[in-house]
Amino acid sequence: MSLFENTIRQMRNAAQIMKLDPHVEAHLSSPQRILEVSVPVHMDNGSVRVFKGFRVQHCNARGPYKGGIRFHPQVDMEEVKALATWMTMKCSVVGIPLGGGKGGVIVDPRELSERELEQLSRTYIRAIEPLIGPEKDVPAPDVYTNPKIMAWMADEYSMLQRRNKLGVVTGKPLSVGGSEGRGEATSQGGMYVLEEALKELGKNPSEMTVVIQGFGNAGANVAHMMEDAGYKVVGVSDSKGALYCKEGLHPREAISCKMEKGTVTECSVAGIQKTGDCCKVITNEELLEVECDVLVLSALENQVTKDNAANVKASIILELANGPTTPEADEILREKGVMVIPDILANAGGVTVSYFELVQNEANFYWSAEEVQERLIRIMVEAWQAVSETAKKHNATLREAAFIVALKRLEEAMLARGW
Ligand code: NAD
């Protein structure tokens, strides 16, 4: 089953429970628009390579399409369609007036020079330019794209429009229209939601051990936030493998070590572990099955599957990544009583602060870090409450409940517009 089919299956489960209008369901079962583009780049060695890129616009019933751009060698159209659909649901769960979109280029950016990467980013934006803009479709960073790339993209689009249109992408550096708090927003939003979940369960962060898969924007930020909040982080990982320290590790030391050595697997050194001498390098597969209370998935999709779900020891899974748990794994986890805080709620802090960034760009008036945090926490806590109450009302999982909350708002908007 493709990732997009998984997404549709998740939506249908919720649609059945809430008795969604069949026309609305049909509408949401396929993207409104799909664009495939060629992205030629003059390489440093004099050759020309043509990369393939995509932009998928899933649904704009509640506002302009919104969603990141992924640069990854394995990205494909089915994946981008799935990610765009989740964006529609995510914006609706947190109640922000945006729709869902997503983009991708099939490339390993780690193999490109800085000049090649800049040309790729600018050429991709020229290719999708007719479809994007602050009122139409607003991209952002995702896996292997970052604020520097967003600055190039905003600049290219602004040059094409012959005026500053910085709100065309979000996740930019502060110096060119970025928002305070955007870099940490995905992780921060996840922290707020997890805190609410623990309150309901009557648990305290200081009693909880945590394993974090993926150590990029989402994973590394949540690691140090968790340490500050009193959780004990016992394992972290990146694409090369995982580091497990039974007695706990220092996330900030692990982040500096990864920056220096390129991977956490080179970091089983003094200073990383909290006590003793017990860090070991294990595989990403093994990491998902170690003893812990909270498993934070912040890498890629399809990580917890029917093959390993039964072996997960955590009682809570926080999905900062999109689609890290397959529908078959969801069934197994439900039977085991594992609380899965779903992606469309857990990682929605990122798009929420992206929305704040867009609003600030359009108004050309900027907020303080405190104002951003205040608004973010309110939105995330309200979203948690809506999802948690819906789950109880329908005896549903949090994923089903999050989809129900999202679909209700989408249904209302679509019917009001006469779709
Ligand atoms: P990133 O590029 O900053 O980091 C990705 C991390 O995952 C890297 O540490 C990489 O080494 C690691 N990784 C890659 N393949 C792996 C594998 N097979 N096993 C373990 N680790 C692996 O990306 P990010 O922005 O942190 O995004 C991570 C996830 O969070 C993605 O699913 C993304 O869609 C989702 N997400 C990100 C944001 C955001 O604001 N950045 C918002 C919402 C959702």
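Scroll up to find the structure this text is about.
Residues numbered from 1 in each chain as written. Predicted model: local features only at pLDDT ≥ 70, side-chain atom pairs only at ≥ 80, totals over all residues. Heavy atoms only, no water.

A.B. asks: How do you make sense of the overall build of the chain when you look at a structure like this?
C.D. replies: Of the regular secondary structure elements, the chain holds 14 helices and 12 strands. The C-alpha atoms of the chain give a radius of gyration of 21 Å, which matches the 22 Å a tight globule of 419 residues would have. Dimensions of the chain, computed from the C-alpha atoms along their principal axes, are close to 60 × 55 × 45 Å. Per-residue burial over the chain gives 59% buried out of 419 residues. Long-range pairs, those at least 24 residues apart, make up 69% of the contacts in the chain with a sequence separation of at least 6. Surface summary for the chain: the accessible area is close to 16800 Å², and the carbon and sulfur share equals 48%. Separation between the mean location of the 46 positive side-chain charges and that of the 56 negative ones in the chain comes to 4 Å. (Helix = DSSP H or I, 4+ residues; strand = E, 2+ residues; numbered from the N terminus. Rg over C-alpha atoms; globule rule 2.2 N^0.38 Å. Buried < 20%, exposed > 50% of the residue type's maximum accessible area, 1.4 Å probe, protein only. Contact = heavy atoms within 4.5 Å. Areas by Shrake-Rupley, 256 points an atom, 1.4 Å probe, with all protein chains shown as cover. Lys, Arg positive; Asp, Glu negative; His and termini not counted. Charge placed at Lys NZ, Arg CZ, Asp CG, Glu CD.)

A.B. asks: Looking at this structure, I do not really get the environment of Gln373. What am I missing?
C.D. replies: With respect to the secondary-structure elements, Gln373 resides in helix H13 (residues 369–394). C-alpha of Gln373 to C-alpha of Gly189: the two residues are 184 residues apart in sequence and 9.5 Å apart in space. Beyond its immediate sequence surroundings of up to four residues, Gln373 is in contact with Gln188 and Tyr192.

A.B. asks: Any chance you could explain the site of the ligand here in plain terms?
C.D. replies: Within the structure, the ligand sits among 23 residues, and Asp142, Thr186, Asn217, Ala218 and Asn322 are positioned closest to it. The contact in question runs from an oxygen atom of the ligand to an N or O atom on the side chain of Thr186, over 2.6 Å. A distance of 2.9 Å separates an oxygen atom of the ligand from a polar backbone atom of Ala218. Expressed as a share of its isolated accessible area of 820 Å², the protein-covered part of the ligand is 88%. (Near = heavy atom within 4 Å. Polar contact = N/O pair within 3.5 Å; in protein donor to acceptor, adjacent residues only side chain to side chain.)

A.B. asks: Looking at this structure, I do not really get unusual backbone geometry. What am I missing?
C.D. replies: With the exception of glycine, most residues fall at negative phi, and the peptide bonds are largely trans. Positive phi values are uncommon outside glycine, yet Lys19 reaches one of about 55°. For Lys19, a relative accessible area of 68% puts it in the exposed group. With a phi angle near 60°, Arg162 is a residue other than glycine that sits in the positive phi range. Within the secondary structure, Arg162 sits in the loop between helix H5 (147–161) and helix H6 (182–201).

A.B. asks: For this particular structure, what's the right way to read the packing of H6 against H13?
C.D. replies: How two helices pack is summed up by the angle between their axes together with the distance between the axes. In the contact formed by H6 and H13, the axes pass within 9 Å of each other and the chain directions differ by 45°. On the basis of their axis angle, the class for H6 and H13 is oblique. The two elements H6 and H13 cross, and the hand of that crossing is right-handed. Across the interface between the two elements, Ala185, Gln188, Gly189, Tyr192, Val193, Glu196, Ala197 and Glu200 from H6 touch Gln373, Leu376, Ile377, Met380, Val381, Trp384, Ser388 and Lys392 from H13. (Axes fitted to C-alpha atoms, helices over the stretch in contact; angles between N-to-C directions. Parallel < 35°, antiparallel > 145°, perpendicular 65-115°, else oblique. Left-handed = near helix turned anticlockwise from the far one by under 90°.)

A.B. asks: Would you take a moment to explain the packing of helix H4 (residues 114–128) against H5 for this structure?
C.D. replies: Look at H4 against H5: their axes get within 9 Å of each other, and the N-to-C directions meet at 45°. Overall, the two elements H4 and H5 adopt an arrangement that is oblique. Of the two elements, H4 crosses H5, and the hand of that crossing is right-handed. Contacts from Glu114, Leu117, Glu118, Ser121, Arg122, Tyr124, Ile125 and Arg126 of H4 reach H5 at Lys148, Ile149, Trp152, Met153, Asp155, Glu156, Tyr157, Met159 and Leu160. Its residues assigned to classes, the contact of H4 with H5 shows 9 nonpolar, 1 polar and 7 charged. (Nonpolar A, V, L, I, M, F, W, Y, C, P; charged D, E, K, R; others polar.)

A.B. asks: What's the story with the packing of aromatic side chains in this structure? I'm lost.
C.D. replies: How two aromatic rings sit relative to each other is set out by the distance from centre to centre and by the angle between their planes. Under the counting rule described, the total for this entry stands at 2 aromatic pairs. Between Tyr355 and Phe356 the ring centres are 6.1 Å apart and the planes differ by 45°, which places this aromatic pair in the tilted class. Overall, Phe356 belongs to the buried group, its relative accessible area being 3%. Put simply, the rings of Tyr355, Phe356 and Trp367 pair up and form one aromatic cluster. (Phe/Tyr/Trp six-rings, centres within 6.5 Å; stacked < 30°, edge-to-face > 60°.)

A.B. asks: Where do I start with helix H8 (residues 251–261) in this structure?
C.D. replies: Note that an α-helix has 3.6 residues per turn; residues three or four places apart therefore point the same way. Among the residues of H8, those classed as buried are Pro251, Ala254, Ile255 and Cys257. Down the axis of H8, the buried side of the element spans an arc of 165°, and every buried residue falls inside it. Relative to its buried face, H8 has exposed residues pointing more than 90 degrees away, namely Met259 and Glu260. Those residues of H8 hidden inside the fold are in contact with helix H7 (217–229) and strand S7 (232–238). Two residues or fewer past H8, Gly262 is found with a positive phi of approximately 90°. (Arc of directions from axis to C-beta.)

A.B. asks: Mind showing me how you'd approach the side chain of Arg70 here?
C.D. replies: Mapped onto the secondary structure, Arg70 falls in strand S3 (residues 65–72). Using a relative accessible area of 3% as the deciding quantity, one classes Arg70 as buried. Among residues more than four places away in sequence, those in contact with Arg70 are Val75, Glu79, Leu83, Gly103, Gly104, Val105, Asp142, Val143, Leu300 and Glu301.

A.B. asks: Quick question: what am I supposed to make of the side chain of Glu25 here?
C.D. replies: Note that Glu25 resides in helix H2 (residues 22–28). A distance of 2.9 Å separates a polar atom in the side chain of Glu25 from a polar atom in the side chain of Arg12. When neighbours within four sequence positions are excluded, Glu25 is seen to be in contact with Met11, Arg12, Ala15 and Leu20.

A.B. asks: What is the right way to read the nonpolar core from this model?
C.D. replies: Considering soluble globular proteins, one finds that nonpolar side chains tend to be buried as a cluster. Counting residues in each nonpolar core, the largest one holds 89 residues, and the members touching the most others are Met226 and Ile341. For this core, the two domains that each supply at least three residues are domain 1 (31–164) and domain 2 (185–346). Among all residues touching Ile341, those that are not within four sequence positions of it are Val193, Leu194, Ala197, Ile316, Ile317, Leu318, Glu319, Ala346 and Leu398. Of all hydrophobic cores here, the second largest spans 24 residues; its members include Met43, Tyr124, Ala154 and Val168. (Core = buried A, V, L, I, M, F, W, Y, C linked by side-chain atoms within 4.5 Å. Domains from an automatic or database assignment.)

A.B. asks: I keep staring at the environment of Leu345 and nothing clicks. Help me out?
C.D. replies: Tracing the chain through its elements places Leu345 in helix H11 (residues 343–346). Between the C-alpha atoms of Leu345 and Glu357, which are 12 residues apart in sequence, the distance is 19 Å. Apart from residues lying up to four places away in sequence, Leu345 is in contact with Val93, Val193, Met380, Ala383, Trp384 and Val387.

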